[in-house]
Amino acid sequence: MMLAQFRPIAEGNYYPPDVAGNPVLALEYKSNANNTLCTYFNNKTDDSVPGGSTYKSYWESVYYLLAIFVFFRVMVIVSLVLQDTKFGEAAGDTRNQNIGQPGAQ
Amino acid sequence: MMSVFGGLGFGTNLTNPSEVQSMAGGIYFTTVLQMFLNFLPTVIVFQGEKPIFVRERDSGLYQIWIYATTKLLAEMPIMLFVPFLLNAMLYFVIGYEDRLSVFFEFYLILLLMVQAASSLGYFLSSVFNHETTAVAFSPIINLPLNLLGGYMINLKNVF
């Protein structure tokens, strides 16, 4: 299969100007196995990019996604705990009020 | 089905410079597809289970963290398999690098996106008591996240 990937045009300089001095697309499309898509995104954390880049490195992205995953899972539990005391009143559910009482079926 | 649709759309095994846009679109499509496929269904899950949950909590059958954790564990196999299937169907069709390590790096990102999206969906589902409210609110959360994710806008030009 033909290898297809993005790679930076030049190391540390992702927006080289063209002959007219205008910035060109930061991607060079090559069939070159030495540089990978992931390498491209890893290199995009370089602050030397004019205007700055907001791409994160691969493992930084992994950590952010893990943090979001754990945060919202914990927030689900917190949300349910905070609502827990209101459940009976909000639902108007009195069917279980006799649980544990003498004569309950 | 969405994988087949994506494969038909991007399945050109991109080999020339004019298709850089398609490559970037393929990355965006794959990740956002995974996010929406797992976010939207979970937004309306808890409202349906709530009456049962309330009764079981009133009966003291289990604690809340046990309910949330077992629900996560029960869904884990399908959430591991679905992104793998989508990645296996789309990765080589689109024409990313055919190295197994890169394939699994991409799969890890998709997997974590699925987990993060479903967690956000469950959170919204637990916060809102009605499905319509949760569904109406979800784009208000989703679209700004898409916009400010760093793909469409360079955030250093915004903040």
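Criteria and thresholds
Residues numbered from 1 in each chain as written. Chains lettered and ligands numbered in written order. Predicted model: local features only at pLDDT ≥ 70, side-chain atom pairs only at ≥ 80, totals over all residues. Heavy atoms only, no water. Helix = DSSP H or I, 4+ residues; strand = E, 2+ residues; numbered from the N terminus. Contact = heavy atoms within 4.5 Å. Areas by Shrake-Rupley, 256 points an atom, 1.4 Å probe, with all protein chains shown as cover. Phe/Tyr/Trp six-rings, centres within 6.5 Å; stacked < 30°, edge-to-face > 60°. Buried < 20%, exposed > 50% of the residue type's maximum accessible area, 1.4 Å probe, protein only. Axes fitted to C-alpha atoms, helices over the stretch in contact; angles between N-to-C directions. Parallel < 35°, antiparallel > 145°, perpendicular 65-115°, else oblique. Left-handed = near helix turned anticlockwise from the far one by under 90°. Nonpolar A, V, L, I, M, F, W, Y, C, P; charged D, E, K, R; others polar. pLDDT = per-residue confidence, 0-100. Salt bridge = Lys/Arg side-chain N within 4 Å of Asp/Glu carboxyl O.

(A) Fine view of the overall build of chain A. Summing up its helical and strand segments, chain A has three helices and two strands in all. In chain A, 43% of the contacts between residues at least 6 apart in sequence involve partners at least 24 apart. About 6500 Å² of surface is accessible on chain A, with carbon and sulfur atoms providing 58% of the total.

(B) Structural view of the packing of aromatic side chains. Residues and elements named next belong to chain B. Inspection of the entire model under this criterion finds 18 aromatic pairs over all chains. Where Phe 104 meets Tyr 107, the ring centres are 6.3 Å apart and the plane angle is 85 degrees; that geometry is what we call edge-to-face. You can see Phe 104 and its partner Tyr 107 sitting in helix H5 (residues 100–127), three residues apart, about one turn around the helix. On the accessibility criterion, Phe 104 (39% relative accessible area) is partly exposed. Ring pairing ties together the aromatic residues Phe 84, Tyr 91, Phe 92, Phe 103, Phe 104, Phe 106 and Tyr 107, which thus form one cluster.

(C) Quick peek at the packing of helix H3 (residues 45–58) of chain B against helix H4 (residues 64–94) of chain B. All names here are of chain B. For the pair H3 and H4, the least separation of the axes is 12 Å and the interaxial angle reads 140 degrees. With respect to their mutual orientation, H3 and H4 come out oblique. Classified by chirality, the crossing of H4 by H3 is right-handed. In this structure, H3 contributes Val 45, Phe 46, Glu 49, Phe 53 and Arg 57 to the contact, and H4 contributes Ile 64, Tyr 67 and Lys 71. Of the residues contributing to the contact of H3 with H4, the split by class is five nonpolar, no polar and three charged.

(D) Broad picture of the confidence of the model for chain B. Residues and elements named next belong to chain B. On average, residues of chain B score 82 in pLDDT, and 86% of them are at 70 or above. Per-element averaging of pLDDT across chain B places helix H1 (residues 2–10) at the bottom with 65 and H5 at the top with 90. Model confidence for the complex: the whole-complex pTM is 0.68, and ipTM, which rates the interface, is 0.83.

(E) Fine view of the pattern of salt bridges. Residues and elements named next belong to chain B. Within the structure shown, the criterion is met by one salt bridge over all chains. The salt bridge involving Lys 71 is made with Glu 49; its shortest N-O contact spans 2.8 Å. Highlighted residues: Lys 71 in helix H4 and Glu 49 in helix H3, separated in sequence by 22 residues.

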